[in-house]
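# Survey of secondary and tertiary structure
Spelled out from the first residue to the last, the chains are:
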Amino acid sequence: MTSAVETSTDIRPFNIEFPDEQLADLRRRIAAARWPSRELVEDRSQGIQLSTIQALTEYWTTDYDWRKVEAKLNALPQFKTVVDGVDIHFIHVKSEHENALPLIMTHGWPGSVIELLETIGPLTDPTAHGGSAEDAFHLVLPSVPGYGFSAEPTELGWYAGRVAQAWPELMRRLGYTRYVAQGGDVGAAVTDAMGRQAPEGLIGIHTNLFVPGLAGGTFPQDTDEERAAAAAGASFRATGFGYFLEQTTRPQTIGYALLDSPVALAAWMLDHDTDSYYKISSAFVDGEPSGNLTRDHILDNITLYWLTGTGTSSARSYWESGQAAARAAGQAPPPVTIPVGFTTFPGEIVATPRAWVELAYPTLVYYNKVDRGGHFAAWEEPQLFSEELRAAFKSLR
C-alpha cells in the first residue's frame, strides 16, 4: 500500500479495507507489550506517563473499533494519483454551493487526514453549520508523501518545499485554476513554502503554526506578550523537543520501534506538545476529552499509522526538511507575496503575537487570537477552526 509503483497521472478512486488478520495482529502485539516501571515524577517531564499509555491500550484492545472510521473514510470521495513519482492519496469533497472557493488543506505530524475530517461539513456545507453559502469551499485533503495512504518516497528530497511543489500540480489536475491553501504543523511548513513559491493559481494562504519562528527566526521581545511567546519557544526547544530532534537526525533508528510495537508507536505519537498531551491523557485516564480530541478519534489516527506502516516514512520527512534547512543556512527565504491569514490558538506551542506575524508576512490580511484550541486546532475545535478559515479567506472570494 505504501510503495510508489504507479506511473500514470490518472486520478483513480480509492477504497480502504484492511483484513481482519491485521487487526488481530495489532491486538496480539499490544497484549504482549513489556511495560517499564512507572516514571519517577508526577508530570510528563520524563515522557509519556505509564497510566496514560496503559489506559489508552486498554481501550484500544477492548472498546475501540477501527471499522467505524474505515467506513467513514470510505463514505468520502477518496482518490490516488501519481505526482512527481509518488502515489498521492487525497480526499476531494466538492461543495454543492455555487462559487465555492477551492481549498487544499495539509495535515501535520503526528497527524493525518483523520485530524481534518470534522472540518469537511463546516467548510463544504456552511449553511448547515452556522455559515452562509458564500462561505463554502471545495475541499482537497491530501496525505503527505510517507504518511497515511500516500506512498512513501523511494528517493531523497521530499522535504516540505517539494511537497509544496506537488500540491499545485494536484490542484491543476482537479481543474482548479484559482485556490487557497491552509496548514498546521508540517502542513504549515508546506503551506508557508507554497506561499513563497507562489505557484500560478494560488491566491492566498492561512496557517496556525508560526513557521518562521520555529525555523529559527529572531523576533522582538519588547512586550509582555512577545516575551511570553519567546519563553514558550525556548521551553519547547529545551524540554519538548525530543521527538523533533530524533526525527530530524535519526528517523530510521526510532522507526524500528514504530513499525514493530503499537505501544511504542502510540507513546511516540502522544509525546508531542504539553497542551495536547494533557488533553489526550485526560480523555483516556479521566474520561474527559477536550473538544473533538476523543479516545476514538485519537486511536483512529494512531491505528491509521499502524495499519499503513508509516511511522518510519513520516519521521523521515523531518530529516528531509532538516537537510533542506542545512543546505539553505544563511540564505534568506524568498518573501511571501500573496495574502496571508494567521490564527493563533491559546494552546499552541507558541501563541504568536500579531507583530511577529506582520514582520514575517508583510502581506498579512487576517490575524486573530481565539480563546480555545491548541496545536491540533482543526481536530480539537473543527467548528471554530472552520469559522477562522471562512473569515481569513473572505476578502479573496
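This write-up is about the structure you can find in this document.

The rules behind the values
- Residues numbered from 1 in each chain as written.
- Predicted model: local features only at pLDDT ≥ 70, side-chain atom pairs only at ≥ 80, totals over all residues.
- Heavy atoms only, no water.
- Helix = DSSP H or I, 4+ residues; strand = E, 2+ residues; numbered from the N terminus.
- Buried < 20%, exposed > 50% of the residue type's maximum accessible area, 1.4 Å probe, protein only.
- Polar contact = N/O pair within 3.5 Å; in protein donor to acceptor, adjacent residues only side chain to side chain.
- Contact = heavy atoms within 4.5 Å.
- Pairing = 2+ DSSP bridges.
- Axes fitted to C-alpha atoms, helices over the stretch in contact; angles between N-to-C directions.
- Salt bridge = Lys/Arg side-chain N within 4 Å of Asp/Glu carboxyl O.

So, on to unusual backbone geometry. The step from W109 to P110 runs through a cis peptide bond, and the omega angle for that step is 5°. Although it is not a glycine, A198 adopts a positive phi angle of roughly 50°. Tracing the sequence through the fold places A198 in the loop between helix 6 (186-197) and strand 7 (202-207). Given a relative accessible area of 33%, A198 falls into the partly exposed group.

What follows concerns the side chain of H97. Along the polypeptide, H97 turns up in the loop between strand 3 (86-93) and strand 4 (101-106). With a relative accessible area of 19%, H97 lands in the buried category. Reaching out from H97, the side chain makes a polar contact with the side chain of T127 at a distance of 3.4 Å. Contacts of H97, omitting those with residues within four sequence positions, involve T124, D125, P126, T127, A133 and A136.

Now for the environment of T124. One can find T124 in helix 4 (residues 120-124). Of the residues examined, T124 reaches a relative accessible area of 8% and is grouped as buried. Considering only alpha carbons, one finds T124 and D20, 104 residues apart in sequence, at a separation of 33 Å. Engagement of the side chain of T124 in a polar contact is seen with the backbone oxygen of I120, the distance being 2.7 Å.

Ordered in space as 1-2-3-5-4-6-7-8-9, the nine strands form an open sheet in which the pairing is mixed. On the outer flanks of this sheet lie strand 1 (12-13) and strand 9 (364-369), each paired with one strand and no other. Note that strand 4 and strand 5 (residues 137-142) share four bridges and pair parallel. Residue pairing for strand 5: I104 is matched across the bridge by V140. This element, helix 6, spans strand 4, strand 6 (179-183) and strand 7 of the sheet and lies at about 150° to strand 7.

Our next topic: the pattern of salt bridges. Across all of its chains, the model carries 23 salt bridges by this definition. The salt bridge partner of D20 is R67, with a shortest N-O separation of 2.6 Å. Of this pair, D20 sits in helix 1 (residues 20-31) while R67 sits in helix 3 (residues 66-74); the two residues are 47 residues apart in sequence, bridging distant segments of the chain. By relative accessible area, R67 is classed as partly exposed at 24%. Here K72 ties to E118 by a salt bridge, and the two come within 2.2 Å at their closest N and O atoms. Taken as a pair, K72 in helix 3 and E118 in the loop between strand 4 and helix 4 lie far apart in primary sequence, 46 residues in all. Through salt bridges with shared partners, a single ionic network connects D25, R28, R29 and D260.

Turning to its location among the elements, F345 is positioned in the loop between strand 8 (340-344) and helix 15 (354-360). Residue classification places F345 among the buried residues on the basis of a relative accessible area of 1%. Between the C-alpha atoms of F345 and E115, which are 230 residues apart in sequence, the distance is 16 Å. Not counting the four nearest positions on each side in its chain, F345 is found in contact with N208, A351, V370, R372, G373, G374, A377, L384 and F385.

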